[in-house]
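Next come the chains, spelled out residue by residue.
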Amino acid sequence: MNNGKDNYALESKNVNFFYGSKQALENITMQIPEKKVTALIGPSGCGKSTYLRLFNRMNDLIAGTKVVGEVLVKNQDIYKNNVDLVELRQHVGMVFQKSNPFPKSIFDNVAYGPRAHGIKSKDQIAYIVERSLRQAALWEEVKDSLNKNATALSGGQQQRLCIARALAVEPDVLLMDEPASALDPIATQKIEELIMDLKQNYTIVIVTHSMQQAARVSDLTAFFYMGQLIEFGPTSKIFTNPSNTRTEDYITGKFG
Amino acid sequence: MRNFQFYKEKFIEFLLFGCAFLSVIATIGIALTLIVEAIAFFKIVSLKEFFTSSEWTPMFSEAKYGIAPLIAGTFLTTIIALLVAIPFGTIIAVFLSEYANKKFREAIKPVLEVLTAIPTVVFGYFALLFITPKLQVLLPDLPGFNVLSAGLVMGVMIIPYVSSLSEDAMQSVPNSLREGAYALGATKLRTAFTVIFPAALSGITSSYILAISRAVGETMIVAIAAGMQPNLTLNPTEPAQTITAYIVQVSMGDLPHGTIGYQTIFVAGLVLFIFTFLFNILGVYLRRRFREVY
Ligand SMILES: Nc1ncnc2c1ncn2[C@@H]1O[C@H](COP(=O)(O)OP(=O)(O)O)[C@@H](O)[C@H]1O
Ligand SMILES: [Mg+2]
């Protein structure tokens, strides 16, 4: 299809996914380009999270799940036997819907990943922590309280901390599952600004239930419906001139 | 009708309060009995002798009343038991909670819990007749009654208390924390020990405190396998007696009410009561100290 002209960060070929006997994804083929923001939209339960979690093999943690088809990260099938999950998850970071800071200090939260990947030097860790917190636009707010427990931060700060924590391992890809769904409008705006900043250097895939958010932050949009990929294309086209009527019905709010 | 409901509620409230009150009364009653008899005891034996004498021989004609040997025996058996129960219990808990799949976990838990259903007398004779001879192969000078064997077996007996409570505590750590660590590329082992274990520390600490209380209060195993000689030593290869073992030994004899021998039971009981009480307070404190909000 593509002769190496485009660089796809992530790719799925005819992927089917099962929770036990329940099929959650049907034949999804999709190519996600590098250093762009790709939004996954669709009604609740249509398989957005399941699809997102394929790329760092988070679904593996759920017993009885099965993947059929190819899931490629940098042209490597990550469901092959010899894949190093530690390495994969270093390349592909994730931010969850509900912020999940560890009950540790702010510093230790951000330092967790680098330490897990074997960085021991205190100076280097401190440098990474500061850099990551700055990238996540949180440094100014927490620089004097790095030893404070992360669970004491506000919801929006916790989510930016989780972004900083993900960035600290220097991933290329950032998977975000409704990162702002539990936040107030101001905190949401901060996260969105952050995503715009980060896309210079990262491939971002974001699940969102807010179409305004998808329109604001993404370059490409994929519309999922009942486990199927209905339409995928440039965000401007999906929102102004969708080719599928179900996409149109969804974005005009006829259902969802 | 409304009135009936109202009185019914009141009655139930009263009943529940009564039950709670009863247990408080029982505790106070026990403490008072112990204290009254102890006061009578200390009219005859000085506090100085009680705390500084290195011998406990109330049944001898030349009686000595130093509590130290019994405390040493209790301390020693408890330490040995904990050295077995805490590491094994914790590792089993980590394994069951973080590694084993659900099926295996559900299968293995009842097996572990059967250990707690075995009467401690059985453990006592197991220590005396099975473990001690085995240990004597390694340590030829080991006497037939010794603290080591009793402590080890007691430790095995306590493992399920530690593993079951610790596992519950780790299971109740939200899965989102586990996913957070895995998503950063942490291995299972690292996640278990640097995220799940600390997050569950409050519950894990409770399990350790329970283990300590269980070890301090254990009677039959030490009475049977450790010998009945009060012995001021910290050498586990010697025989010794614990506070509880002393109490059964003396209670089985026929002691006239009001004699000093009779009162020693209550004094020993009081010491034990104070120890367990302190551990419970420590437990409550640690639980608060390590409570995590997720
Ligand atoms: N752990 C699970 N076990 C079984 N079914 C699941 C599980 N997680 C999700 N599903 C099912 O898979 C489908 C897709 O879910 P999900 O990917 O979470 O949807 P979305 O993120 O679009 O709301 C839903 O029907 C959901 O009920
Ligand atoms: Mg979802």
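Residues numbered from 1 in each chain as written. Chains lettered and ligands numbered in written order. Predicted model: local features only at pLDDT ≥ 70, side-chain atom pairs only at ≥ 80, totals over all residues. Heavy atoms only, no water.

All names here are of chain A. The full count for this structure, using the stated rule, is 20 salt bridges over all chains. For the salt bridge of Glu170 with Arg131, the shortest nitrogen-to-oxygen distance reads 3.5 Å. Of this pair, Glu170 sits in the loop between helix H6 (155-167) and strand E7 (173-177) while Arg131 sits in helix H4 (residues 122-135), and the two are 39 residues apart along the sequence. Under the relative-accessibility criterion, Glu170 is labelled partly exposed at 45%. We classify Arg131 as partly exposed; its relative accessible area is 24%. Overlapping salt bridges bring together Glu130, Arg134, Glu140 and Lys143 as one network. (Salt bridge = Lys/Arg side-chain N within 4 Å of Asp/Glu carboxyl O. Helix = DSSP H or I, 4+ residues; strand = E, 2+ residues; numbered from the N terminus. Buried < 20%, exposed > 50% of the residue type's maximum accessible area, 1.4 Å probe, protein only.)

Residue and element names in this part refer to chain A. One open sheet holds the four strands; their spatial order is E2-E1-E4-E5, and the pairing between them is antiparallel. Looking at the sheet topology across the chains shown, the edges are occupied by strand E2 (22-33) and strand E5 (76-77). As defined by bridge partners, strand E1 (residues 8-19) adjoins E2 across eight bridges and the pair is classed as antiparallel. Residue Tyr8 lies in a different strand from E2, and its bridge partner there is Pro33. (Pairing = 2+ DSSP bridges.)

All names here are of chain A. Around ligand 1 sit Tyr19, Lys22, Ala24, Ser44, Gly45, Cys46, Gly47, Lys48, Ser49, Thr50 and Ile62, and that is every residue in its neighbourhood. Interatomic distance of 2.4 Å between a side-chain N/O atom of Thr50 and an oxygen atom of ligand 1. Of all elements in the fold, only E2 and helix H1 (48-52) reach the threshold of two or more residues within the shell around ligand 1. Take the shell around ligand 1: its biggest share by element is three residues, from H1. (Near = heavy atom within 4 Å. Polar contact = N/O pair within 3.5 Å; in protein donor to acceptor, adjacent residues only side chain to side chain.)

Summarising the element assignment, B:Ile39 is placed in helix H1 (residues 2-44). Taking C-alpha positions, B:Ile39 is 9.8 Å from B:Phe266, a pair spaced 227 residues apart along the chain.

What follows concerns the sheet that holds E7(A). Residue and element names in this part refer to chain A. Strand order in the open sheet formed by six strands is E6-E7-E8-E3-E9-E10, and the pairing between neighbours is mixed. What marks the edges here is a single partner per strand, and that holds for strand E6 (92-95) and strand E10 (228-234). With direction set aside, neighbouring strand axes in the sheet form an average angle of 15 degrees. Along the sheet face, helix H7 (residues 185-198) touches strand E3 (37-41), E7 and strand E8 (203-207) and points at about 150 degrees away from the line of E8. (Axes fitted to C-alpha atoms, helices over the stretch in contact; angles between N-to-C directions. Contact = heavy atoms within 4.5 Å.)

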